[in-house]
Amino acid sequence: MIQFNTHLLSNGLRLIHHHDANTSMVAVNLLYDVGSSDEPPTKTGLAHLMEHLMFSGTKNVAKYDDMLQQAGGDSNAWTSFDVTNYYDVLPAHNLETALWLESERLVNLNLTEENIEVQKAVVIEEFKQRYLNQPYGNTLHLTHGQAYTVHPYRWPTIGLDIETIKTFTAEDVTTFRQRFYSVRNLVMCISGNVDFDKAVKMVEKWFGDIDGSKPSQRHLPCEPVQDAPRFMTHHSEVPSNMIFRSYHMCHRTSLLFSATDLISDILGNGMSSRFYQQLILGTDMFADIDASVLGSRDPGLFYVRARLADGVDFDKANEAISTVLKQLIDDGVTQHELDKCVNKYLSNKLFENVGYAEKAVSLCDHELMWGANGINTENDTYRKVTPQDIAAVASQLFADENCSTIYYGPSA
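What you see is a predicted model, and the numbers here were worked out from it, not measured in a lab. (Residues numbered from 1 in each chain as written. Predicted model: local features only at pLDDT ≥ 70, side-chain atom pairs only at ≥ 80, totals over all residues. Heavy atoms only, no water.)

1. Re the pairing of strand E4 (residues 74-79)
Covered by surrounding structure in E4 are Ser-75, Ala-77 and Thr-79 only, the residues Asp-74, Asn-76 and Trp-78 on the alternate face being uncovered. Relative to strand E5 (residues 84-91), E4 is paired through 6 bridges, and the arrangement is antiparallel. Along E5, the bridge assignment pairs Ala-77 with Tyr-86. The hairpin formed by E4 and E5 contains 4 residues between the paired strands. (Buried < 20%, exposed > 50% of the residue type's maximum accessible area, 1.4 Å probe, protein only. Helix = DSSP H or I, 4+ residues; strand = E, 2+ residues; numbered from the N terminus. Pairing = 2+ DSSP bridges.)

Following this line, the structure appears as structure tokens:
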């Protein structure tokens, strides 16, 4: 059981506090309820650019990281489809430095034309390195563009293309920031060797007088039910043939999510998984194969990714994958097989939340999804999954009409 306290500021900021006396450090995690799904379709990549711009300095602080490092700290951030997360880790006695800097860049971010152009160039270079110049780097563009037709999950957080990023103006950035970067749209967690009253006092000092205007409401389009299988072939300069399958699945807070997540472990997690036993050891067709899920606020995707051995026919390998999935639907799982996956999940979760910094991230994530105490109750949803639940979810999940498939191979 992870102990925590909460405090709601009058302007709407939600503060979570976890005390850890076993460290001399503290983590400050800030989760803004905005991600790439909040971008206009003509401005993809804007949320990720905003993340970069938050490190570009303020009216009173030329370089954010320099000031934090002088206090013995470090920081980083990431953008997802649904949220943007920032964190600072530093000695506990310097907590106020981090809170000052975070409030400073929330209120006084220096969005000059020069800063915007510099960060656009950085993001464009990242786009080239990670998505254009890496083998299979455009996989997310292909899979999500194929599976989604109207929902903004159809583009990755980096954006659809470089040319769009080049067009962003100071007005685009400012409008996006004013809409989503509000204390009412923020969950903060302070985790480490700082007591609750001190944490509340400092947060009230640096954030309490920031305007808490209510952020704009989301009106994201609902993805229609896929009623027919989708297929495409893609060629690029890659070393091996790969098969990518995507299946529409439930959202993160659905009662079906734990069973769906466990199906990915049953199929693809470890040497005792079905994919490994039946397709890696049982055939000579696959070099690697796994399964994973997108745990997102809106309905996500269940992924199957397979790298084929040299000379293996796409269709034969794809049929072998279908055979394993059909067997799961028809024969189900034993209680022993399910228990093994549940225990592995619980063990991994225990280790994920060992450190004070990891707890800060997880507490914010749970607070935004369904309340911070979900960090203590989520495991129960996995313990309650039955073999019958697995069979029922699998039969709907792996329906032929719910599948989008890509054959990805080297250029001819």
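2. Some details on unusual backbone geometry
In this structure, Tyr-136 is a non-glycine residue whose phi angle is positive, near 65 degrees. Structurally, the position occupied by Tyr-136 is in the loop between helix H4 (113-132) and helix H5 (139-147).

3. Section: the state of the cysteines
Counted according to the given criterion, the structure contains 0 disulfides. Unpaired in this structure, Cys-189 has its nearest cysteine sulfur neighbour in Cys-364, at a distance of 5.0 Å. (Disulfide = S-S within 2.5 Å.)

4. A look at the environment of Gln-278
Turning to its location among the elements, Gln-278 is positioned in helix H10 (residues 274-280). Residue class for Gln-278 comes out partly exposed when judged on its relative accessible area of 29%. Along the sequence, Gln-278 and Val-324 sit 46 residues apart, while their C-alpha atoms lie 7.6 Å from each other. With near-sequence residues (within four places) excluded, Gln-278 lies in contact with Thr-283, Val-324 and Gln-327. A polar atom in the side chain of Gln-278 sits 3.0 Å from the side chain of Gln-327. (Contact = heavy atoms within 4.5 Å. Polar contact = N/O pair within 3.5 Å; in protein donor to acceptor, adjacent residues only side chain to side chain.)

5. Digging into helix H11 (residues 314-331)
Between its terminal C-alpha atoms H11 stretches 26 Å, which fits the 26 Å expected from 18 residues at 1.5 Å a residue. Regarding H11, the residues found buried are Phe-314, Ala-317, Asn-318, Ala-320, Ile-321, Val-324, Leu-325 and Leu-328. Around the axis of H11, the buried residues are gathered within 155 degrees of arc, so they sit on the same side. Among the exposed residues of H11, those oriented more than 90 degrees off its buried face are Lys-316, Glu-319, Lys-326, Asp-330 and Asp-331. At the N-terminal boundary of H11, the capping side chain belongs to Asp-313, with an oxygen 3.0 Å from the backbone nitrogen of Asp-315. Two residues or fewer past H11, Gly-332 is found with a positive phi of approximately 70 degrees. (Expected span 1.5 Å × (residues − 1). Arc of directions from axis to C-beta.)

6. Details of the nonpolar core
Judged by nonpolar contacts, the single largest core of 54 residues is most densely connected at Met-188 and Phe-207. Contacts of Met-188, omitting those with residues within four sequence positions, involve Leu-13, Arg-14, Leu-15, Ile-16, Val-28, Asn-29, Leu-30, Leu-99, Val-203, Phe-207 and Cys-364. (Core = buried A, V, L, I, M, F, W, Y, C linked by side-chain atoms within 4.5 Å.)

7. Some remarks on the sheet that holds strand E11 (residues 403-410)
The strand order across the open sheet built from 5 strands is E7-E11-E8-E10-E9, with neighbouring strands paired in mixed fashion. Edge positions in the sheet fall to strand E7 (230-236) and strand E9 (286-293), since each of these pairs with one other strand and no more. Pairwise comparison of adjacent strand axes, ignoring direction, gives a mean angle of 15 degrees for this sheet. On the sheet, H5 packs against E7, strand E8 (242-248), strand E10 (301-308) and E11 and is oriented at approximately 150 degrees with respect to E11. Contacts from helix H9 (residues 257-268) reach E9 and E10 within the one sheet, and its direction differs from that of E9 by about 170 degrees. (Axes fitted to C-alpha atoms, helices over the stretch in contact; angles between N-to-C directions.)

8. Observations regarding the packing of helix H1 (residues 46-53) against helix H7 (residues 170-180)
As a packed pair, H1 and H7 sit with axes 10 Å apart at the nearest point and diverge in direction by 85 degrees. Classified by the interaxial angle, the pair formed by H1 and H7 is roughly perpendicular. For the pair H1 and H7, contact is made by Leu-46, Ala-47, Leu-49, Met-50 and Leu-53 and by Asp-172, Val-173, Phe-176 and Arg-177, respectively. Broken down by class, the residue content of the contact of H1 with H7 amounts to 7 nonpolar, no polar and 2 charged. (Parallel < 35°, antiparallel > 145°, perpendicular 65-115°, else oblique. Nonpolar A, V, L, I, M, F, W, Y, C, P; charged D, E, K, R; others polar.)

9. Section: the pairing of strand E6 (residues 186-192)
Buried residues dominate E6, accounting for 7 of its 7 residues. Burial along E6 is two-sided: Leu-186, Met-188, Ile-190 and Gly-192 facing one way and Val-187, Cys-189 and Ser-191 facing the other are all buried. Summarising the sheet, strand E2 (residues 14-19) and E6 pair through 6 bridges and their orientation is parallel. Looking across to E6, one finds that His-17 is bridged to Ile-190. Bridging between strand E3 (residues 25-32) and E6 involves 7 bridges; their strand directions are antiparallel. Within the sheet, the bridge partner assigned to Tyr-32 lies in E6 and is Leu-186.

10. Remarks on the sheet that holds E5
Read across the open sheet, the 6 strands follow the order E1-E2-E6-E3-E5-E4; overall the sheet is mixed. Only two strands of the sheet have a single neighbouring strand rather than two, namely strand E1 (5-8) and E4. Averaged over all neighbouring strand pairs, the angle between strand axes comes to 15 degrees, with direction disregarded. Judged from the 8 bridges that link them, E3 and E5 form a sheet pairing that is antiparallel. In the sheet register, Val-26 faces E5, and the bridge partner there is Leu-90.

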